[in-house]
Amino acid sequence: MPITHLDRSAGILLHPTSLPSNEGIGTLGKSAYEFIDWLYAAHIRLWQVLPLGPTGYGDSPYAAFSSFAGNPLLIDLETLVTQGFLTADDTSLPDYLSTEGNIDFGSVVYWKMPVLKRAASNLLSKIREDSSSSGTALKDAFETFKKNHKRLDEYALFMSIKEVYDTKAAQEGLFGKLWNNYWTQDLARHDSTAIKRWVQEHRYEIEVYKVIQYFFFEQWKQLRQYANGKGISIIGDIPIFVAPDSSDVWANQKLFQLNENGVPTVVAGVPPDYFSATGQLWGNPLYNWDEMKAAKYRWWLDRIDACLELVDYIRIDHFRGFEAYWAIPFGAENAVKGEWLPGPDHAFFEAVQRHLIKKTKDAQAAGEENVCDYAKGLPIIAEDLGIITPRVERLRDDFHLPGMKILQFAFSGAEVREHGFSNTFLPHTYTQNSVVYTGTHDNTTLRAWLDTLTRDDFDVLLFYLYGEKPEPELLDELCSEKSQDSDGAYVIEPSSFKDDLCEELIKQAFFSTAVFAVIPFQDLYALGAEARINEPSTLGKNWIWRMERGLCTQDSAEWLGNLVFASGRYGAKQPQTQTLS
């Protein structure tokens, strides 16, 4: 079944790190619950987040140390204080961090990780020393968690080794060293004897990493239950590729195209196109799909299960890579000399479908309540942006997966002159089985995008929005740095007018036929380029934006709620639940 079996709904895209907090970064604490309360008040039934894994290179959620672990930086320390694993003094914010403004990831990691390790040590002490019913219950809960998350064994082991060798490399003044070019050869090759010896010598450190994951998963589970209880579903995100510096690659080397030393033979990217003469060189290791198939896609099925433990729907980044992927020789300076190689195509999604339907039947047979019926459709959104071939479209459509529509890609004066209003990102072209966004995490904000439009682009945009050709004076004003005429009188105030255009474009998304309409939080408030979350192919200024306190007001919820109702995205009446006190 296509995604049309779902209710027509509206959503907000906001990663938890961007929430306000007292810890230098957004967490899964009080602000997250208050944000859910605001979504509920606005009749928003979808909260979309970025990948939730532990961030590594460049602080990117799309380059995690593991596909199966959660980001420790999201753990709320105030909750750990309430639970008795930390004291208030433990969580006192140092002077070099701020409760307001952008995230300083380096400083947050430097301060927060030792605090989390202290909390983990306190939990282990309680388990070891407390023979009361509460101590026994905690021990049982932790043991059950470990039993149900076996893939975290790989992550905890990897991080314990990585911590030792990263420290050693830093002392030697070496940077950028990974497991495959710096660790001892036996550990790098995941030799069973070496691994067994390391586990025996570092058992406690490994256990600490598992406790930190226990904190994350318990806090996220409570938050998700709170959201689901208010009728709000969570859309998560799976990057198709994984980071080279990850337990995913290190512990599963035969599943990737690597040489005998664990170094990739080919890496991921995209070929040259209109936007880049040399293409994009991402550098991720590529899968050995023959080995994946021989293993019945077990690693990928586990990855999808792990994601669905955290979220209700999954957006798969770079969906086209399942049909064919661009393979670039390792060590190449750019992405020019690559080649298209076939992906697993239909066989992969058939395996996913069989697996999820079996999970549904098993859960129903066990008498579980509120079981997701995956026979009605896969809970997957296909990120089908870029150059998409008919074969990719066929793969998407054969499994009835909704694709993505981006309003920022819709309005080009040059294109309209040549082809008319035929761009498939224009709302009148959408099918119901699609998800519309004003922009994605890789776009600038809607308000900043408006500042980049040419006179011809504005001509097209205003004609489409209002159904009549705009006056030349209006176009001149929008594209001029001047805001007054020769007599000093305002024709329009360009900045305010562009703010209003953000509102109009949000309405276009909501009133489209797309089953889901998802708006980046920044676009609701017409925030500028300072609120951009990511600029691809750049480092140093991405993922750091945090919202100001006080933006989630009753007035904004009322405006948004009215738009949800008017556009038919209200759906069934949401459950009446208590707000967070």
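Located above this text is the structure these notes cover.
Residues numbered from 1 in each chain as written. Predicted model: local features only at pLDDT ≥ 70, side-chain atom pairs only at ≥ 80, totals over all residues. Heavy atoms only, no water.

**Thoughts on the pattern of salt bridges**
Here is step 1 of the chain: Tallied over the entire structure, the rule returns 38 salt bridges.
Here is step 2 of the chain: In this structure, R224 engages D312 in a salt bridge whose closest nitrogen and oxygen atoms are separated by 2.7 Å. Of this pair, R224 sits in helix α9 (residues 203–229) while D312 is found in the loop between α12 (298–308) and β6 (313–317), placing the two residues 88 residues apart along the sequence. No difference in accessibility class separates R224 from D312, as the two residues are buried. (Salt bridge = Lys/Arg side-chain N within 4 Å of Asp/Glu carboxyl O. Helix = DSSP H or I, 4+ residues; strand = E, 2+ residues; numbered from the N terminus. Buried < 20%, exposed > 50% of the residue type's maximum accessible area, 1.4 Å probe, protein only.)

**Some points on the packing of aromatic side chains**
Here is step 1 of the chain: One pass over the full model with this rule turns up 51 aromatic pairs.
Here is step 2 of the chain: Where F256 meets W299, the ring centres are 6.3 Å apart and the plane angle is 80°; that geometry is what we call edge-to-face. You can see F256 sitting in the loop between α10 (247–250) and β4 (266–270) and its partner W299 sitting in helix α12, a full 43 residues away along the chain. The residues F256 and W299 share a single accessibility class, namely buried.
Here is step 3 of the chain: For the pair F349 and F399, a centre-to-centre distance of 5.7 Å together with 45° between the ring planes defines the contact as tilted. Taken together, the positions of F349 in helix α13 (residues 346–365) and F399 in the loop between α14 (390–398) and β10 (403–406) put the pair 50 residues apart, joining distant regions of the chain.
Here is step 4 of the chain: A relative accessible area of 0% means that F349 is categorised as buried.
Here is step 5 of the chain: Owing to a relative accessible area of 7%, F399 belongs among the buried residues under this scheme. (Phe/Tyr/Trp six-rings, centres within 6.5 Å; stacked < 30°, edge-to-face > 60°.)

**So, α13**
Side chains three or four residues apart in an α-helix point the same way, a direct result of the helix having 3.6 residues per turn.
Here is step 1 of the chain: Its 20 residues give α13 an end-to-end C-alpha distance of 28 Å, which sits within 8% of 28 Å, the value for a rise of 1.5 Å per residue.
Here is step 2 of the chain: Among all positions in α13, only F348, F349, A351, V352, H355, L356, T360 and A363 are buried.
Here is step 3 of the chain: Against α11 (289–294), α12, β6, β9 (380–382) and α14 lie the buried residues of α13.
Here is step 4 of the chain: Within two residues after α13, G367 carries a phi angle of roughly 80°, on the positive side. (Expected span 1.5 Å × (residues − 1). Contact = heavy atoms within 4.5 Å.)

**What about the sheet that holds strand β7 (residues 324–329)?**
Here is step 1 of the chain: The strand order β5-β4-β7-β8 describes an open sheet built from four strands, whose pairing is antiparallel. The strands lining the two open edges of the sheet, one partner per strand, are β5 (280–285) and β8 (339–342). Direction aside, neighbouring strands of the sheet carry axes that sit 50° apart on average.
Here is step 2 of the chain: Two elements, β4 and β5, share three bridges in a ladder whose sense is antiparallel. Looking at the pairing, V270 lines up with Q280 of β5. (Pairing = 2+ DSSP bridges. Axes fitted to C-alpha atoms, helices over the stretch in contact; angles between N-to-C directions.)

**Quick notes on unusual backbone geometry**
Here is step 1 of the chain: One non-glycine residue with positive phi stands out, namely H318, at about 55°.
Here is step 2 of the chain: In this structure, H318 sits in the loop between β6 and β7.
Here is step 3 of the chain: With relative accessibility at 11%, the residue H318 sits in the buried group.
Here is step 4 of the chain: The residue N370 is not glycine, and still its phi comes out positive at about 55°.
Here is step 5 of the chain: Looking at the element boundaries, N370 is found in the loop between α13 and β9.
Here is step 6 of the chain: Residue N370 is classed as exposed on the basis of its relative accessible area of 79%.

**Considerations on the packing of helix α5 (residues 151–171) against α9**
Here is step 1 of the chain: Between α5 and α9, whose axes approach to 8 Å, the crossing angle comes to 125°. Here α5 lies oblique to α9, going by the angle between them. Seen along the crossing, α5 lies across α9 with a hand that is right-handed. Here L152, D153, Y155, A156, L157, M159, S160 and E163 of α5 lie close against α9, whose contacting residues are I206, Y209, K210, Q213 and F217.
Here is step 2 of the chain: When the residues that make up the contact of α5 with α9 are grouped by side-chain class, the tally is eight nonpolar, two polar and three charged. (Parallel < 35°, antiparallel > 145°, perpendicular 65-115°, else oblique. Left-handed = near helix turned anticlockwise from the far one by under 90°. Nonpolar A, V, L, I, M, F, W, Y, C, P; charged D, E, K, R; others polar.)

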